[in-house]
Amino acid sequence: MSRLEVKTPGQAQAIVEQLYRNMERRIAASPPGLCPVDMALNFLNLCQAQTCGKCVPCRIGLAQLSNMIREVLEGEPEISILKRIEATAQVIVDTADCAIGIDAANLVLMGLKGFRDDYEEHILHHRCLGSLKNPVPCVALCPAGVDIPGYISLVNGGRYADAVRLIRKDNPFPTACAYICEHPCEARCRRNMVDDAVNIRGLKRYAVDQAGEVPQPEKAAATGKSVAIIGGGPGGLSAAYYLSLMGHKVTVYEKQKKLGGMMRYGIPSYRFPREKLDEEIASILSLGIEVHTGVNVGTDITFDQLKQEYDCLYLSIGAQTDKKTGIEGEDSYGVISAVEMLRRIGDEEMPDFTGQNVVVIGGGNVAMDVTRSAIRLGAAKVTCVYRRRQEDMTAQNEEVEGAIAEGAEVLTLHAPLRIEADEKGNVSALWARPQIIGEMDAQGRPRPNTASVEPLRIPADTVIVAIGQGIESRGFEQAGIKIQRSGTLTANASTQLPDMEGVFAGGDCVTGPATVIRAIAAGKAAAANIDEYLGFHHEIKSEVKVSTPHCTDLRPRGRVNATERDACERRNDFQCIECGMTEEEAVQESSRCLRCDHFGYGNFKGGRVETW
């Protein structure tokens with residue numbers, strides 16, 4: 001017998017590793033709406049299987065927790081069992097010898113706190129609050145509820161104009177979302193169980209690029225009712241679009257020179273070409289929507305005047321005010337906000353950063369937009385300063401990677417301390433204090449703490465502040481609209497303002513800064529509720545017929561990802577950086593869709609939603 005042996009992975013271990021990967025994919029593909037108590041039990045059992053069983057809390061306690069949760073699901077326990085579950089879990093957290101047991105019990109405590117109503121519903125009424133109302137994961141996670149399997153099927157069949165028509169049933173901005181949507185629909189794509197999520201946004205991009213001009217559907221008969229939309233961004237224009245289809249007379253009031261909101265004044269044209277935006281807005285306005293730009297509601301026209309003139313109002317103002325850092329020297333000449341810079345670019349008033357050292361403060365998508373724009377505007381060096389780690393940035397990974405590829409420096413774990421200015425008041429540097437990563441915060445990101453290191457001086461000719469946006473709501477507060485401490489408007493789930501007859505609100509002004517697709521979803525919901533308020537019940541539907549799928553090819557295959565222009569080329573202009581799919585790629589990628597609207601539980605729940 002040898003004294004030592006070289007360890008090589010055996011067949012059993014290789015199979016276990018494969019099972020782990022399969023489990024990861026299964027969890028990634030879990031759709032919303034599953035019973036949270038049942039999920040908690042399964043996670044607990046998985047954790048229990050990983051323990052060594054040497055200490056009593058893990059060996060006995062986790063088994064007892066599992067039995068009690070199973071009794072909640074399958075038995076007829078008293079409501080007092082919840083106290084026993086909580087007490088048992090807390091004892092395990094306090095006494096278990098290792099992190100495996102502690103973490104398993106913490107999962108149970110988190111569940112009791114996060115979905116106690118579900119536990120109580122099982123005990124008191126023997127039923128589950130978890131509802132698979134929409135069992136198609138991609139549709140359930142799309143804020144606007146777009147018929148994703150339907151239009152992917154149409155792309156696969158080469159019916160690109162029909163794909164656009166089907167998307168417009170729930171989203172009047174198919175082109176905008178094809179270029180800039182953050183595709184939350186892909187997060188729980190069931191294809192994850194096989195290989196990887198379908199490139200849904202890429203297929204939408206191929207559809208809109210190939211479809212050409214697609215006429216809008218016919219409007220319903222005129223109702224004689226009028227609606228004013230305050231805000232010409234994605235939310236306001238979405239509400240205007242559907243209300244116009246329903247036959248109402250719609251007028252949009254926009255503060256800026258042009259329509260588009262943050263699609264124009266917050267997203268650079270290298271991500272979404274301006275000509276594409278203008279074409280899509282023109283198509284929406286072709287329904288007969290009246291527009292007044294350069295109008296500030298509250299000064300140019302009062303809120304009360306609009307209430308008297310129109311049957312209904314929809315407030316959809318975006319988050320277009322900047323937030324301050326509060327550090328010393330922020331008022332120096334050369335300090336600008338990201339909102340201000342992107343607004344100037346949106347109006348084609350390009351700043352000149354030729355030869356400058358530009359420092360950007362922030363770590364979100366807006367910070368990446370101004371970082372990459374500054375490179376294109378001639379900056380000699382662009383440094384993005386962020387107080388957390390790169391993996392903690394709220395910006396999309398591809399945006400951060402794209403900025404680095406174009407030459408930006410991302411300086412993480414440095415918190416802005418003060419801005420240094422010269423004797424004339426011009427910015428000369430940003431001082432940043434190094435950070436050390438610490439404990440997790442409520443969002444699950446580790447908090448940065450001040451490190452015992454001297455502050456760093458970063459030379460700067462321009463400092464761009466990109467730490468968030470706010471809502472300009474003072475004019476509405478004067479009109480009697482309730483404003484929350486965050487500056488957002490108070491609206492109920494149906495988008496109607498409480499104690500304000502005939503006034504609705506949605507989008508950024510209610511939720512705070514959010515994505516384009518969420519603003520679109522708010523506009524869609526507002527249109528439906530305004531229509532009901534006005535005494536109607538118009539239905540929005542598409543006449544497009546989607547073919548019934550056949551047996552799906554489940555062979556694992558790679559996902560087709562979008563490519564981009566070379567970094568050394570794209571960094572010099574504002575032309576679109578992303579390249580669309582080829583026909584071959586679109587056919588292959590669309591064939592990966594599992595058609596969850598037809599197969600599995602989706603079929604029992606009615607499959608596709610064809611009318612709203």
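Since the structure is predicted, the reported quantities are computational estimates derived from the model, not experimental observations.

Undergrad: Help me get a handle on the overall build of the protein, residues and values and all.
TA: Within the protein, the regular secondary structure consists of 24 helices and 18 strands. Over its C-alpha atoms the protein spans a radius of gyration of 27 Å, differing by no more than 12% from the 25 Å that the globule rule assigns to 612 residues. If one aligns the C-alpha atoms of the protein with their principal axes, the spans along those axes are about 85 × 65 × 55 Å. Evaluated residue by residue, the protein yields a buried proportion of 50% over its 612 residues. Within the protein, residue pairs in contact and separated by at least 24 positions form 72% of the contacts whose partners lie at least 6 positions apart. Accessible surface, the protein as shown: approximately 29,400 Å² in total, 49% of it carbon and sulfur. If you average the places of the 68 positive and of the 81 negative side-chain charges in the protein, the two averages end up 3 Å apart.

Undergrad: Go over the pattern of salt bridges with me, naming the residues and quoting the values.
TA: In total, this model carries 31 salt bridges according to the counting rule given. The salt bridge partner of Arg201 is Glu578, with a shortest N-O separation of 2.7 Å. Residue Arg201 is located in helix H11 (residues 200–211), and its partner Glu578 is located in strand S18 (residues 578–579); the two are separated by 377 residues in the primary sequence. As far as burial versus exposure is concerned, Arg201 and Glu578 are alike and both buried. One continuous salt-bridge network, built from bridges that share partners, spans Arg271, Asp369, Arg372, Arg376, Glu399, Glu406, Glu564 and Arg570.

Undergrad: If you had to explain the sheet that holds strand S8 (residues 381–385) to someone new, which residues and values would you point to?
TA: Ordered in space as S6-S14-S7-S8-S9, the five strands form an open sheet in which the pairing is parallel. Only two strands of the sheet have a single partner each, and these edge strands are strand S6 (335–337) and strand S9 (409–411). The average angle at which neighbouring strand axes cross in this sheet is 25°, direction not considered. Bridging between strand S7 (residues 357–361) and strand S14 (residues 462–465) involves four bridges; their strand directions are parallel.

Undergrad: Which residues make up the packing of aromatic side chains, and what are the values?
TA: All told, the structure shown has eight aromatic pairs when counted by the stated rule. Judged by centre distance (5.3 Å) and plane angle (80°), the ring pair of Tyr160 and Tyr206 falls under edge-to-face. Residue Tyr160 is found in helix H9 (residues 160–168), and its partner Tyr206 is found in helix H11; the two are separated by 46 residues along the sequence. Residue Tyr160 shares its accessibility class with Tyr206, and that shared class is buried. Of note, Arg376 hangs over the ring of Tyr270, and the distance from its end group to the ring centre comes to 4.1 Å.

Undergrad: Requested: an account of the environment of Glu71, with residues and values cited.
TA: Position of Glu71 among the secondary structure elements: in helix H3 (residues 56–74). Distance in space between the C-alpha atoms of Glu71 and Val6 is 47 Å, their sequence separation being 65 residues. Setting aside its immediate chain neighbours within four residues, Glu71 contacts Glu76, Pro77 and Ile81.

Undergrad: Pulling in residues and values, what's your account of the pairing of strand S10 (residues 414–421)?
TA: In terms of strand pairing, S10 meets strand S11 (residues 427–440) through seven bridges, oriented antiparallel. Of the residues in S11, the one forming a bridge with Glu420 is Ala429. With antiparallel pairing between neighbouring strands as the criterion, S10 and S11 make up a hairpin whose turn holds five residues, including Gly425 at a positive phi of roughly 90°.

Undergrad: Go over the environment of Arg445 with me, naming the residues and quoting the values.
TA: Tracing the chain through its elements places Arg445 in the loop between S11 and strand S12 (446–450). Residue class for Arg445 comes out partly exposed when judged on its relative accessible area of 23%. Once residues within four sequence positions are removed from consideration, Arg445 is found in contact with Tyr386, Arg388, Asp392, Thr394, Glu439 and Met440.

Undergrad: An account of the sheet that holds strand S16 (residues 503–505) is needed here, citing residue identities and associated values.
TA: Here we have five strands laid out as an open sheet, ordered S3-S2-S1-S4-S16, and parallel in their pairing. Unpaired on one side and paired on the other, strand S3 (290–293) and S16 mark the two borders of the sheet. Neighbour to neighbour, the strand axes of the sheet diverge by 20° on average, direction disregarded. Each of strand S1 (226–230), strand S4 (312–315) and S16 is contacted by helix H21 (residues 516–533), which is oriented at about 165° to S4, the strand it contacts most.

Undergrad: Break down the packing of helix H4 (residues 81–95) against helix H5 (residues 99–114) for me, with residues and values.
TA: With their axes 8 Å apart at the nearest point, H4 and H5 run at an angle of 150° to one another. It follows from the interaxial angle that H4 and H5 lie roughly antiparallel. Relative to H5, H4 is oriented so that their crossing is left-handed. Contacts from Leu82, Ile85, Glu86, Ala89, Gln90, Ile92 and Val93 of H4 reach H5 at Gly101, Ile102, Ala105, Asn106, Val108, Leu109 and Leu112. For the contact of H4 with H5, the per-class residue count stands at ten nonpolar, three polar and one charged.

Undergrad: Pulling in residues and values, what's your account of helix H16 (residues 338–346)?
TA: Every buried residue belonging to H16 is among Ala338, Val339, Met341, Leu342, Ile345 and Gly346, and all of these are buried. Taken around the axis of H16, the buried residues stretch over an arc of 165°, which confines them to a single face. Remark: Glu348 follows H16 within two positions and exhibits a positive phi of approximately 60°.

Undergrad: Quick rundown of the nonpolar core? Include the residues and the values.
TA: Counting residues in each nonpolar core, the largest one holds 77 residues, and the members touching the most others are Ile148, Tyr151 and Ile229. The leading source of residues in this core is H21, at eight residues. Once you skip the residues sitting within four places of it in the chain, Tyr151 turns out to touch Val146, Ala163, Leu166, Ile167, Ile200 and Lys204.

Undergrad: I'd like to hear about the packing of helix H2 (residues 36–50) against H3, residue by residue, with values.
TA: Contact geometry of H2 with H3 gives a least axis separation of 10 Å together with a crossing angle of 160°. In this view, H2 runs roughly antiparallel relative to H3, as classed from their interaxial angle. The crossing of H2 and H3 is left-handed. Contacts between H2 and H3 involve Val37, Asp38, Leu41, Leu44, Asn45 and Gln48 on the former and, on the latter, Leu62, Ala63, Leu65, Ser66, Ile69, Arg70, Val72 and Leu73. Taken together, the residues of the contact of H2 with H3 break down into nine nonpolar, three polar and two charged.

Undergrad: Explain the side chain of Glu330 to me, using residue names and the numbers behind them.
TA: Structurally, Glu330 can be placed in the loop between strand S5 (321–322) and S6. We note that Glu330 is buried and unpaired, the nearest opposite charge coming from Lys324 at a distance of 5.3 Å. A polar atom in the side chain of Glu330 sits 3.0 Å from the backbone nitrogen of Gly326.

Undergrad: I'd like a description of unusual backbone geometry, backed by residues and values.
TA: Look at His126: it is not a glycine, yet its phi comes out positive at around 55°. If you trace the backbone, His126 turns up in the loop between helix H6 (116–125) and helix H7 (137–141). Notably, Glu348 is not glycine yet its phi reads approximately 60°, a positive angle. Secondary-structure assignment places Glu348 in the loop between H16 and S7. Residue classification places Glu348 among the exposed positions, given a relative accessible area of 57%.

Undergrad: Mind laying out the confidence of the model for the protein, listing which residues take part and the relevant values?
TA: Scored by pLDDT, the protein has a mean of 89; 95% of the residues are at 70 or more. Ranking the helices and strands of the protein by mean pLDDT puts H9 first, with 97, and helix H24 (residues 601–604) last, with 62.

The rules behind each value
One numbering rule holds for all chains: residues counted from 1, following each sequence as written. In keeping with the model being predicted, local features are shown solely for residues with a pLDDT of at least 70 and side-chain atom pairs are shown and tallied solely at 80 or more, while totals for entire chains, interfaces and linings include all residues. The basis for every side-chain value is the complete set of heavy atoms in the structure, and neither hydrogens nor water enter the calculation. The secondary structure listing takes helices from DSSP runs of H or I that are at least 4 residues long and strands from runs of E that are at least 2 residues long, numbered from the N terminus. What the globule rule says is 2.2 Å times the number of residues to the power 0.38, and the radius of gyration is computed from C-alpha atoms. Exposed residues in this analysis have more than 50% of their type's maximum accessible area, buried residues have under 20%, and partly exposed residues fall in between, with area computed by a 1.4 Å probe over protein chains only. In what follows, residue pairs with any heavy atoms lying within 4.5 Å of each other are defined as contacts. Under the convention used here, a 1.4 Å probe and the Shrake-Rupley method define accessible areas, while residue burial counts only the protein chains that appear. Counting rule for charge: Lys and Arg are taken as positive, Asp and Glu as negative, and neither His nor the chain ends is counted. A single reference atom marks each charge: NZ on Lys, CZ on Arg, CG on Asp, CD on Glu. Basic side-chain nitrogens of Lys or Arg form a salt bridge, by our definition, when they fall within 4 Å of a carboxyl oxygen of Asp or Glu. In this scheme, strands are said to pair when DSSP sees at least two bridges between them. Throughout, an axis means a line fitted to C-alpha atoms (over the contacting stretch in the case of helices), and angles, computed between N-to-C directions, take values from 0 to 180 degrees. Two rings from Phe, Tyr or Trp (for Trp, the six-membered ring) form a pair when their centres sit within 6.5 Å of each other. Planes less than 30 degrees apart are called stacked, planes more than 60 degrees apart edge-to-face, and all others tilted. Over a ring means this: the NZ of a Lys or the CZ of an Arg is within 6 Å of the ring centre and within 35 degrees of the ring normal. Under this scheme an angle from 65 to 115 degrees is roughly perpendicular, one under 35 degrees roughly parallel, and one over 145 degrees roughly antiparallel; angles in between are oblique. It is the rotation of the near helix from the far one that decides the hand of a crossing: anticlockwise by less than a right angle makes it left-handed, clockwise makes it right-handed. Asp, Glu, Lys and Arg are counted as charged, while Ala, Val, Leu, Ile, Met, Phe, Trp, Tyr, Cys and Pro are counted as nonpolar; the rest, among them Gly, fall into the polar class. Relevant arc is that of directions from the helix axis to the C-beta atoms, nothing else. Throughout this description, the term nonpolar core refers to a set of buried Ala, Val, Leu, Ile, Met, Phe, Trp, Tyr and Cys residues connected via side-chain atoms within 4.5 Å. Any pair of N or O atoms that falls within 3.5 Å is considered a polar contact. Within protein, one atom must be able to donate a hydrogen and the other to accept it, and sequence-neighbouring residues count only if both atoms are side-chain atoms. What pLDDT conveys is the predictor's confidence in a given residue, as a value from 0 to 100.

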